[in-house]
Amino acid sequence: MAAHDGRTAEAVTLVQGRRFVVVDNALSPDALAAWREEERAVQHRPTFSSVDPMFDGVAFYADASYASAKAGEEHAGEVTSAVRRGLDALGVTAADNDRFKFWRYGRGSGLDWHDDGSGRGAAYTLYLSGEWRATWGGELELFDCPVGEVPCAEFDVPKDLMNAPVPATSIAPRPNRLVVMVAGTFHRVRKVEAGAGDNLRRSITGFLTP
Ligand SMILES: O=C(O)CCC(=O)C(=O)O
Ligand SMILES: [Fe+2]
């Protein structure tokens, strides 16, 4: 049975959808500690969302690469091999990509509905917050169907999404949880709630080309 503090060494595949997989306890305790330390040390810069710059709020990011990570080769390898296992589970072939971004979302910030655009084979996010509570928001929500099947998107997203062929899946940003998602999946990051206080939704996100 998986503990819910993110400290169990054994990785657990929690959900396998058609287009996404959720792995809890994705990293060993050592690797998780190293990545958390790195995440806290790097300089993040503010950016407006490219999806809805007016209402998504500001998020903070830092460009990074596994080759130059202070966390070291072994801990970098834990992330990349966990991602690779997720891709294998989904039957997706994607090239390795050394580059990724650290992201921080504070209260009031999110990222509205989007797919990640063409030319991306898959995306992954590994959550690195020290703690996350269910009431703090920041869920990754997705439709587990091709974005083309979501009656979409150009006109009235809130209304059209009511007619999606599947209900949305909601994935809390639980620490040490990895989500791997096939490109062309409609998704959003729900806003972090005021109740999160000063707690940040911290993550690593990478894109992999087919
Ligand atoms: O942080 C997440 O859960 C997903 C982030 C995302 O969708 C993106 O950066 O494009
Ligand atoms: Fe995305």
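Higher on the page you've got the structure.
What counts and how
Residues numbered from 1 in each chain as written. Chains lettered and ligands numbered in written order. Predicted model: local features only at pLDDT ≥ 70, side-chain atom pairs only at ≥ 80, totals over all residues. Heavy atoms only, no water. Helix = DSSP H or I, 4+ residues; strand = E, 2+ residues; numbered from the N terminus. Contact = heavy atoms within 4.5 Å. Areas by Shrake-Rupley, 256 points an atom, 1.4 Å probe, with all protein chains shown as cover. Donors = N, O, S within 2.8 Å, 3.2 Å for Na, K, Ca; no water. Buried < 20%, exposed > 50% of the residue type's maximum accessible area, 1.4 Å probe, protein only. Expected span 1.5 Å × (residues − 1). Arc of directions from axis to C-beta. Pairing = 2+ DSSP bridges. Axes fitted to C-alpha atoms, helices over the stretch in contact; angles between N-to-C directions. Core = buried A, V, L, I, M, F, W, Y, C linked by side-chain atoms within 4.5 Å. Near = heavy atom within 4 Å. Polar contact = N/O pair within 3.5 Å; in protein donor to acceptor, adjacent residues only side chain to side chain.

Chemist: Help me get a handle on the overall build of the protein, residues and values and all.
Modeler: Counting its secondary structure elements, the protein contains three helices and twelve strands. Judged by the C-alpha coordinates and their principal axes, the protein covers about 45 × 40 × 35 Å. For the protein, the proportion of contacts with a sequence separation of at least 24, taken over those separated by at least 6, is 82%. When the accessible surface of the protein is split by element, carbon and sulfur atoms take 52% of a total near 10600 Å².

Chemist: So what's going on with the coordination of the iron ion (ligand 2)? Which residues, and what values?
Modeler: Taken together, H114 (NE2), D116 (OD) and H187 (NE2) make up the full set of protein donors to the iron ion (ligand 2), lying 2.0 to 2.2 Å away. Linear spacing of the donor residues for the iron ion (ligand 2) on their chain is H-x1-D-x70-H. The pair H114 / D116 is uniform in exposure class, with both members buried.

Chemist: Please provide a residue-by-residue account of helix α2 (residues 73–90), values included.
Modeler: Relative to the 26 Å expected for 18 residues at 1.5 Å per residue, α2 spans 25 Å between its end C-alpha atoms, a close match to the ideal helical length. Taken as a whole, α2 has its buried residues at H75, A76, V79, A82, V83, G86, L87 and L90. The arc that holds every buried residue of α2, seen down its axis, measures 140°, which confines them to one face. α2 presents E73, E74 and D88 as exposed residues on the side facing more than 90 degrees away from its buried surface. Against the buried residues of α2 lie β1 (12–16), β2 (20–24), α1 (29–41), β7 (122–127), β10 (178–182) and β12 (201–208).

Chemist: I'd like a rundown of the sheet that holds strand β3 (residues 45–48), residues and numbers included.
Modeler: Spatially, the eight strands line up as an open sheet ordered β1-β2-β10-β7-β12-β5-β4-β3, and their pairing is antiparallel. Looking at strand neighbours, the two that pair on one side only are β1 and β3, the edges of this open sheet. The sheet shows a mean angle of 25° between the axes of neighbouring strands, taken without regard to direction. The sheet contact formed by strand β4 (residues 58–65) and strand β5 (residues 99–105) spans seven bridges and is antiparallel. Pairing of F60 across the sheet is with R104, part of β5.

Chemist: Describe the environment of N176, and please don't skip the residues or the numbers.
Modeler: Relative to the helices and strands, N176 resides in the loop between β9 (169–171) and β10. For the pair formed by N176 and A11, sequence separation is 165 residues and the distance between their alpha carbons is 9.5 Å.

Chemist: Got a sec to walk through the nonpolar core? Specific residues and values, please.
Modeler: If you look at the biggest cluster of nonpolar residues, it comprises 32 residues, and the most contacted ones within it are W35, Y124, L178 and I204. Elements that contribute at least two residues to this core include exactly β2, α1, β4, α2, β5, β7, β10 and β12. For this core, the element with the most residues is α2, which contributes six residues. Listed in part, the ten residues of the second largest apolar core include A59, W132, V192 and A196.

Chemist: Give a description of the site of ligand 1 that names residues and reports values.
Modeler: Around ligand 1, a shell composed of L111, H114, D116, T125, Y127, L140, H187, V189, R201 and F207 is seen. The separation between an oxygen atom of ligand 1 and a polar side-chain atom of R201 is 2.8 Å. Compared with its free state, where it exposes 300 Å², ligand 1 has 93% of that area covered by protein.

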